[in-house]
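Letter by letter, the chains look like this.
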Amino acid sequence: MALGSILQLIRPQTLQEQHAQRVYRTQVQEIAGRLRVALDDWVRWREIEPDNMRLANVAAVTRWELMRLASEAELLEPPRKLASVHREVQEAVIGAARACQLLANGYRSYKSEAVC
């Protein structure tokens, strides 16, 4: 690790930097909460719905909602120190949306291997 990087880690933060990090943390917590709700809703649907076509539709709608959430996450402006965290947040939301897309495709298939 370069000396400049180490000094950045131990440098005291300004009030402006602290405020920016608090605001960003609040925004990311909201996104994480909405992601959790969407995925919990999917799990509940999967437990009670026997019709694969309906499950496919629920997964597709969930994917659409998560892609909107990914667009919102993309618009956030993280503090410079949290740029890598921001990339991870975006990747998590997009990954969840991709999983829903795969589920929707799998539940539309007539082969059980595609669902599994």
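Below: a short report on this structure.

Looking only at helices and strands, the protein chain features 5 helices and 0 strands. Within the protein chain, contacts between residues separated by at least 24 positions form 75% of all contacts whose residues are at least 6 apart in sequence. By element, 57% of the accessible surface of the protein chain is carried by carbon and sulfur atoms, the whole surface being about 8300 Å².

Grouped together as the largest cluster of nonpolar side chains are 15 residues, with contacts concentrated most on Val28, Ile31, Leu35, Leu66, Leu69, Leu76 and Val93. For this core, the secondary structure elements donating two or more residues are helix H2 (15-48), helix H3 (52-75) and helix H4 (83-108).

What follows deals with the packing of aromatic side chains. Throughout the structure, instances matching the rule amount to 1 aromatic pair. Residues Trp42 and Tyr107 carry aromatic rings whose centres are separated by 5.9 Å and whose planes lie at 65° to one another, so their mutual orientation is edge-to-face. Here Trp42, found in helix H2, pairs with Tyr107, found in helix H4; they are 65 residues apart in sequence, far enough to count as distant. In this structure, Trp42 and Tyr107 share a single accessibility class: buried.

It is worth spelling out the pattern of salt bridges at this point. What the rule picks out here adds up to 4 salt bridges. Ionic pairing is found between Arg44 and Asp41, a salt bridge with its closest N-O pair at 2.4 Å. Of the two residues, Arg44 and Asp41 are both situated in helix H2; the distance of 3 residues between them amounts to about one turn of the helix. With relative accessibility at 46%, the residue Arg44 sits in the partly exposed group. As a salt-bridge pair, Arg54 and Glu49 come within 3.8 Å of each other at their nearest N and O atoms. Linked by salt bridges that have partners in common, Glu30, Arg34 and Glu72 make up one network.

Calculation notes
- Residues numbered from 1 in each chain as written.
- Predicted model: local features only at pLDDT ≥ 70, side-chain atom pairs only at ≥ 80, totals over all residues.
- Heavy atoms only, no water.
- Helix = DSSP H or I, 4+ residues; strand = E, 2+ residues; numbered from the N terminus.
- Contact = heavy atoms within 4.5 Å.
- Areas by Shrake-Rupley, 256 points an atom, 1.4 Å probe, with all protein chains shown as cover.
- Core = buried A, V, L, I, M, F, W, Y, C linked by side-chain atoms within 4.5 Å.
- Buried < 20%, exposed > 50% of the residue type's maximum accessible area, 1.4 Å probe, protein only.
- Phe/Tyr/Trp six-rings, centres within 6.5 Å; stacked < 30°, edge-to-face > 60°.
- Salt bridge = Lys/Arg side-chain N within 4 Å of Asp/Glu carboxyl O.

Honestly, it's all geometry; don't read function into it.
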